[in-house]
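Results of the structural survey
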Amino acid sequence: MQSKTFFSLAAVLLVSTFAVHEAQAQAAPAKEPRLVNRDELRACMNTEAGFAPTRSKLDAQRTANSAEVAAIRAESAELAKEAETANEGDDRKQRAFKRKVEAHNARVQASNAALQATRTELEAFAKTATAYNEQCAGITFRTEDKEAILKERAAAPK
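We now turn to the structure provided with this report. Quick caveat, the model's predicted, so the values are computed rather than measured.

Time to look at the pattern of salt bridges. For the structure shown, the criterion picks out eleven salt bridges. With a closest N to O distance of 3.0 Å, D145 and R38 form a salt bridge. Remark: R38 occurs in helix α2 (residues 38–86) and D145 occurs in helix α4 (residues 143–155); sequence separation between them is 107 residues. On the basis of relative accessibility, which here comes to 33%, the residue R38 falls in the partly exposed class. Across the salt bridge formed by E121 and K57, the nearest N and O atoms sit 3.2 Å from each other. Of this pair, E121 sits in helix α3 (residues 91–136) while K57 sits in helix α2; the two residues are 64 residues apart in sequence, bridging distant segments of the chain. Relative accessible area serves as the criterion here: at 28%, E121 is assigned to the partly exposed category. Here K57 falls in the partly exposed class, since its relative accessible area comes to 45%. Connected through salt bridges with shared partners, the residues R38, R142, E144 and D145 form a single ionic network.

Basis of the calculations
- Residues numbered from 1 in each chain as written.
- Predicted model: local features only at pLDDT ≥ 70, side-chain atom pairs only at ≥ 80, totals over all residues.
- Heavy atoms only, no water.
- Salt bridge = Lys/Arg side-chain N within 4 Å of Asp/Glu carboxyl O.
- Helix = DSSP H or I, 4+ residues; strand = E, 2+ residues; numbered from the N terminus.
- Buried < 20%, exposed > 50% of the residue type's maximum accessible area, 1.4 Å probe, protein only.

Here it is, written out as structure tokens:
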């Protein structure tokens, strides 16, 4: 019975830590569009270009975390079934089961650490996106400035 309580507690802990919120930049209040120079436009475009790799990385981490949570849940279910037979008095079975539970607990801790790291990165990304929106939302620019920046990027070595 104690192992069922442990698994229930571990599952609740894991699910509660997995509640990773999507980074959604807050909409800036409507303000007058301001005309930016080429350097300000370049800074905004560079920041925006940096978002795609970060989003991809966070999506990959979220997918990996979800897969790990699903695997841990499946393993928890198997261990719960095995707990019923491990308590039948065979010391060798009990020791083997205890080792499995310890390995499972270590896996849960590693998963929680990975989830926390992803959450920290997601919060940093949200702050960056908010700063970008405050700086670059509602700007106007000259078309020739944007075309010049795009030509610079195309000519730059990769």
